[in-house]
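Okay, here's what each chain looks like letter by letter:
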Amino acid sequence: MNLKTRKILDRAFAGSGVFSILLMTAALVVILVPMLIRGWGAIYFTATVEHRHLMLERFDRGNPERVADELNSTRETRAPLYRMITEFEKQLETSDSESRKRYTTPLRELKKAIHDLLGPAPGAIRPMLMRDQYGQMRWGRALVKLRNVLYREEWDYSDPTRGGIKALKPRAAEFTGTPVEPLCAYLENNLTDMMLPRRTLYWQFLTDNSYDSHFFGGIWPEILGTFYLAVGAMLFAIPLGLIAAIYLTEYARETRLIGMLRTCISTLAGVPSIVFGLFGLAFFINTLKVSSSKSVLAGSLTLALMILPTLIRASEEAIRAVPHTYKEAALSLGAGRWHTVMSVILPAALPGILTGIVISMGRAAGETAPIIFTAAVSVGKPLALWQVFSQPTPALSWNIYNLATEHEAVDEIRHVQYGMVLVLVSLVLILNLAAIILRARVSKRLKG
Amino acid sequence: MKPLDMVIADRPDVRSGNNAGRTPDERTHVAVKVFSVFYRANQAVKDVTFNIPAGYVTAIIGPSGCGKSTILRAINRMNDLVPGCYVKGELLFDGQNVYNPDVDVVMLRRRVGMVFQKPNPFPKSIFDNVAYGPRLHSRLNQGELAEIVERSLVDAALWDEVKDRLDDNALSLSGGQQQRLCIARVLAVDPEILLMDEPTSALDPRATLRIENLIAELRGRYTIIIVTHNMQQAARVSDFTAFMYEGALIEFGPTKEIFTKPTHKQTNDYITGRFG
Ligand SMILES: Nc1ncnc2c1ncn2[C@@H]1O[C@H](COP(=O)(O)OP(=O)(O)OP(=O)(O)O)[C@@H](O)[C@H]1O
Ligand SMILES: [Mg+2]
């Protein structure tokens, strides 16, 4: 191979390397940035007066007089709306049955749409569900609901060769000639005054309990649950993993049995996490009965089992990477095997082991499948420490999935889901960052 | 081979022992008797027999791969770490077979210190390096520990260079300083024998000279066995020399005789640089 081809090859290789790194970075940015922006929207958003109302009522937050003032002013701007409806209803009572028949359903739908937007009408009985007791908290959602008031969705199935075609029919047209006719225009023009949107930093999203299955409040129970599960898993996995790694590297003779054991550990690292979840249910809960049903304890044990192989491998590598000379030096000075491991080998392997630990912890925090059957519930209160032995907990990973798929009102609470994603991703990123810093600091101490 | 006592009688300088502490005597400290070491099927040391006198410096020389390190590491049983390694014959330390099943290896290694070819300080502070052995073997308060550390560093001729930076990481020292630190670390355990496996091969001439001077100073207080590839070094520092070839001991005797009138042709060839 002459110099020219060698140069071209080198360049091609370097070029493709740079290209793939750029591609990865771009992918990361494309995935992360929207996620972070939308997650941030759970904390910093344009809140309506309804949000401040709820904060005052449920969390005792905000200035009561100011909120009362705001509520009064919005009540005034909203009043004409309800007046129109009451007037129309009165009119209907005395009108003929045909027009009553004609307007009953549209009017009910209209009232429902307005209720969705602004909350219960003044003087109405307080609804049972908390979500029905308030109007829209977030200006963005309010605009969506406004559209539902202004327009009615209609599906046209007349063409059998195609699916239904959606059409938006202005509601105002349904009420021409009635007292309700100007309602839509009035609502559209005065919505801002009815809801008083304002940019709000709701950082308590991170520390508040959730109300009415995540309709209101924050995600503290999930954060705490994830913390318990991850820390619990590490409490089991770190000692076991370290002891196993030490045994495999320092004590075990290279027999065929040990070789098989190693293969098993590697295989275990590749087992799908849902299998660990089912195993955890069958073993920890049904067989060992560590708790009568789902609990943080059972979840932690399952997670520990899942990350154990990775942890063992990482620690093994780290221990193997410790120069043989350290061990020889310690032994030649008359240190026992155990003491050599504790005083020389482990400290020198610490950077690698720490990296393994933190990365496993990130995985334990993020995994969903192992805790579905063993620890996770979708709604719950934050647990006290002593409850972890018997109580299940909400957790970020599981609730992201749950809110995205199984919640009855997925669209209403997207922001909560994105908020959880933001927190979980930040958590994992912070853990990884911590690993890098820790590693750098420990290696610096070792190198002097 | 000349009997040991005759050799010593020939060497009044050795006999008088110009160093403080223990004086050299005629006592045999390590006796190797028809001793073989195997790495699985490969016999690295073949039926070797010789006596190492207490308090003197004994050099082991020979071409690469002849088993010098192996026999050295047999004395403090570092070969136990090598899977598949086993021995035959006897290796007596103070009259007791090192390979007896009831020997406490940890105690043995405490009495037989070792300095390795490449300086291998722990990635700890200078102080902690030297204190490692004493901390292992006895409960000492900080004052006693500091005393031992200082004495060992003084003995290893390193004290003046590091006394202001005992808390620095040992890896920040130069190679020669690191090797002297390793010697100090061994001295702190207060062994009876010092095994040195090519202790200067990774060092420059100046650092080498310092280590050689150090060996001269330690001579008499410790029985020193040194493996070296450097003929001049063997001639300079040792009282006795063993020449090994392909696992067998060819010749053992006072260094002066080995270097001036070797009885075997192989020894002569090796010393004069015709092979190896
Ligand atoms: N750990 C080991 N496993 C297997 N064989 C070994 C091992 N260490 C040494 N040997 C073999 O034993 C023989 C003697 O090796 P040894 O290290 O004692 O030689 P040496 O004289 O110290 O050589 P050098 O001067 O190069 O250090 C060699 O043939 C070598 O291949
Ligand atoms: Mg060697």
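Everything quoted here is computed from the prediction, not taken from an experiment.

Looking only at helices and strands, one finds 12 helices and 10 strands in chain B. Expressed as a percentage of its 276 residues, the buried residues of chain B come to 55%. Contacts in chain B between residues at least 24 apart in sequence constitute 68% of all its contacts with a sequence separation of at least 6. Total accessible area on chain B stands at roughly 11,900 Å², and carbon and sulfur atoms take up 48% of it.

Within chain A, the regular secondary structure consists of 15 helices and six strands. A compact globule built from 448 residues should have a C-alpha radius of gyration of about 22 Å, whereas chain A, at 31 Å, is more than 25% larger. Dimensions of chain A, computed from the C-alpha atoms along their principal axes, are close to 105 × 65 × 50 Å. Expressed as a percentage of its 448 residues, the buried residues of chain A come to 46%.

The next thing to look at is a nonpolar patch on the surface. A cluster of nonpolar residues, Trp40, Tyr44, Leu201 and Trp203 of chain A, forms a patch on the protein surface that exposes about 440 Å² of accessible area. Mapped onto the elements, Trp40 of chain A comes out in helix H1 (residues 3–40).

As a further point, take the domain arrangement of chain A. By a frequent convention, interface size equals the accessible area lost on bringing the separate parts together. All names here are of chain A. Domain assignment breaks chain A into domain 1 (49–200) and domain 2 (220–447). For domain 1 versus domain 2, the separation of C-alpha centres amounts to 50 Å. Tallying the contact residues gives five residues for domain 1 and four residues for domain 2. When the two sides are added together, the surface that domain 1 and domain 2 hide from each other amounts to roughly 390 Å², 33% of it contributed by carbon and sulfur.

Okay, the site of ligand 1 next. Residues and elements named next belong to chain B. In the region of ligand 1, 13 residues are neighbours, and Ser64, Lys68, Ser69, Thr70 and His229 sit closest. Side-chain polar atom of Tyr39 to a nitrogen atom of ligand 1: 3.5 Å apart, as the coordinates give it. Here an oxygen atom of ligand 1 and a backbone polar atom of Gly67 are 3.0 Å apart. Starting from 630 Å² of accessible surface for ligand 1 in isolation, the protein chains cover 62%. When contributions to the shell around ligand 1 are tallied by element, the ones reaching two or more residues are strand E2 (42–53) and helix H3 (68–75). Tallying contributions element by element places H3 first for the shell around ligand 1, with three residues.

Attention shifts here to the environment of Phe45 of chain A. Relative to the elements of secondary structure, Phe45 of chain A occurs in strand E1 (residues 44–47). Once the C-alpha coordinates of Phe45 of chain A and Val144 of chain A are considered, the two residues, 99 residues apart in sequence, prove to be 15 Å apart.

Here we take up the side chain of Asn169 of chain B. Residue and element names in this part refer to chain B. Structurally, Asn169 is set in the loop between helix H7 (159–162) and helix H8 (175–188). Judged by its relative accessible area of 9%, Asn169 falls in the buried class. A polar side-chain atom of Asn169 sits 2.8 Å from the main-chain amide nitrogen of Leu171.

To continue, consider the sheet that holds strand E5 (residues 96–97) of chain B. All names here are of chain B. Taking strand neighbours across the sheet as the criterion, the four strands line up as E2-E1-E4-E5 in an open arrangement whose pairing is antiparallel. Single-partner strands in this sheet number two, and they are E2 and E5. Taken together, the two bridges between strand E4 (residues 85–93) and E5 define a ladder with antiparallel strand orientation. Residue pairing for E5: Leu92 is matched across the bridge by Asn97.

So, on to the nonpolar core. If you look at soluble globular proteins, the nonpolar side chains tend to sit buried side by side. Residues and elements named next belong to chain B. Grouped together as the largest cluster of nonpolar side chains are 91 residues, with contacts concentrated most on Leu153 and Ile183. Once residues within four sequence positions are removed from consideration, Leu153 is found in contact with Val130, Leu158, Trp159, Val162, Leu166, Leu181 and Ala184. If you look at the next biggest cluster of nonpolar residues, it comprises 36 residues, including Ile75, Phe93, Val103 and Met114.

Let us now look at the interface of chain A and chain B. Contact residues are listed per partner, giving 20 residues for chain A and 23 residues for chain B. Overall, the association of chain A and chain B removes approximately 1,800 Å² of surface from exposure, summing both partners, and the carbon and sulfur fraction of that is 65%. When the buried area of chain A at its contact with chain B is split by residue, Glu328, Ser332 and Leu333 of chain A rank highest and sum to 35% of it. Taken together, the links from chain A to chain B amount to one salt bridge. Listed by contribution, the elements that provide at least two residues to the side of chain A that touches chain B are helix H11 (324–332), helix H12 (337–366) and helix H15 (414–447) of chain A. Tallying contributions element by element places H11 of chain A first for the side of chain A that touches chain B, with seven residues. Residue composition of the side of chain A that touches chain B, by class: nine nonpolar, eight polar and three charged.

Here we take up the pairing of strand E6 (residues 112–115) of chain B. In regular strands, side chains alternate between the two faces of the sheet. Residues and elements named next belong to chain B. Of the two faces of E6, the one carrying Val112 and Met114 and the one carrying Gly113 and Val115 are both buried. In the sheet, E6 pairs with strand E7 (residues 193–197) via four bridges, with the strands oriented parallel. When the bridges of E7 are listed, Val112 appears paired with Ile193.

Our focus in this paragraph is the pattern of salt bridges. Residue and element names in this part refer to chain A. For the coordinates displayed, the defined rule picks out 35 salt bridges over all chains. Among the ionic pairs, Glu174 bridges to Arg152, the shortest N-O distance being 2.4 Å. Taken together, the residues Glu174 in the loop between strand E3 (165–170) and helix H6 (183–195) and Arg152 in strand E2 (residues 151–156) connect sequence positions 22 residues apart. Residue class for Arg152 comes out partly exposed when judged on its relative accessible area of 23%. When the shortest N-O distance is used, the salt bridge between Arg262 and Glu254 registers 3.3 Å. One network of salt bridges, with partners in common, ties together Arg152, Glu154, Lys169 and Glu174.

Turning next to the side chain of Gln133 of chain A. Residue and element names in this part refer to chain A. Among the secondary structure elements, Gln133 is positioned in the loop between helix H4 (97–118) and helix H5 (139–150). In terms of polar contacts, Gln133 uses its side chain to reach the side chain of Arg58, at 2.8 Å. Aside from chain neighbours lying at most four places away, what touches Gln133 is Arg58, Pro120, Arg126, Pro127 and Met128.

Let us now look at the packing of aromatic side chains. Within this structure, the stated rule accounts for 21 aromatic pairs over all chains. Ring geometry for Phe59 of chain A and Tyr211 of chain A: centres 5.3 Å apart, planes at 80°, overall edge-to-face. Within this pair, whereas Phe59 of chain A is found in helix H2 (residues 49–59), its partner Tyr211 of chain A is found in strand E5 (residues 210–211), the two being separated by 152 residues in sequence. Seen from their ring centres, Phe38 of chain B and Tyr86 of chain B are 4.8 Å apart, and the 5° between their planes marks the pair as stacked. Linking Phe38 of chain B in strand E1 (residues 28–39) with Tyr86 of chain B in strand E4, this pair joins segments that are 48 residues apart in sequence. Exposure remark for Tyr86 of chain B: the relative accessible area of 41% places this residue in the partly exposed category. Taken together, the ring pairs connect Phe50, Tyr56, Phe240 and Phe252 of chain B into an aromatic cluster. Taking NZ or CZ as reference, Arg138 of chain A lies 4.2 Å from the ring centre of Phe45 of chain A, over its face. The ring of Phe122 of chain B is capped by Arg185 of chain B, whose NZ or CZ atom sits 4.6 Å from the centre of that ring.

Thresholds, definitions, all that
- Residues numbered from 1 in each chain as written.
- Chains lettered and ligands numbered in written order.
- Predicted model: local features only at pLDDT ≥ 70, side-chain atom pairs only at ≥ 80, totals over all residues.
- Heavy atoms only, no water.
- Helix = DSSP H or I, 4+ residues; strand = E, 2+ residues; numbered from the N terminus.
- Buried < 20%, exposed > 50% of the residue type's maximum accessible area, 1.4 Å probe, protein only.
- Contact = heavy atoms within 4.5 Å.
- Areas by Shrake-Rupley, 256 points an atom, 1.4 Å probe, with all protein chains shown as cover.
- Rg over C-alpha atoms; globule rule 2.2 N^0.38 Å.
- Patch = residues over 30% accessible without salt bridge, like charges linked within 9 Å, V, L, I, M, F, W, Y side chains within 5 Å.
- Salt bridge = Lys/Arg side-chain N within 4 Å of Asp/Glu carboxyl O.
- Domains from an automatic or database assignment.
- Buried area = accessible area lost by both parts, 1.4 Å probe.
- Near = heavy atom within 4 Å.
- Polar contact = N/O pair within 3.5 Å; in protein donor to acceptor, adjacent residues only side chain to side chain.
- Pairing = 2+ DSSP bridges.
- Core = buried A, V, L, I, M, F, W, Y, C linked by side-chain atoms within 4.5 Å.
- Nonpolar A, V, L, I, M, F, W, Y, C, P; charged D, E, K, R; others polar.
- Phe/Tyr/Trp six-rings, centres within 6.5 Å; stacked < 30°, edge-to-face > 60°.
- Lys NZ or Arg CZ within 6 Å of the ring centre and 35° of its normal.

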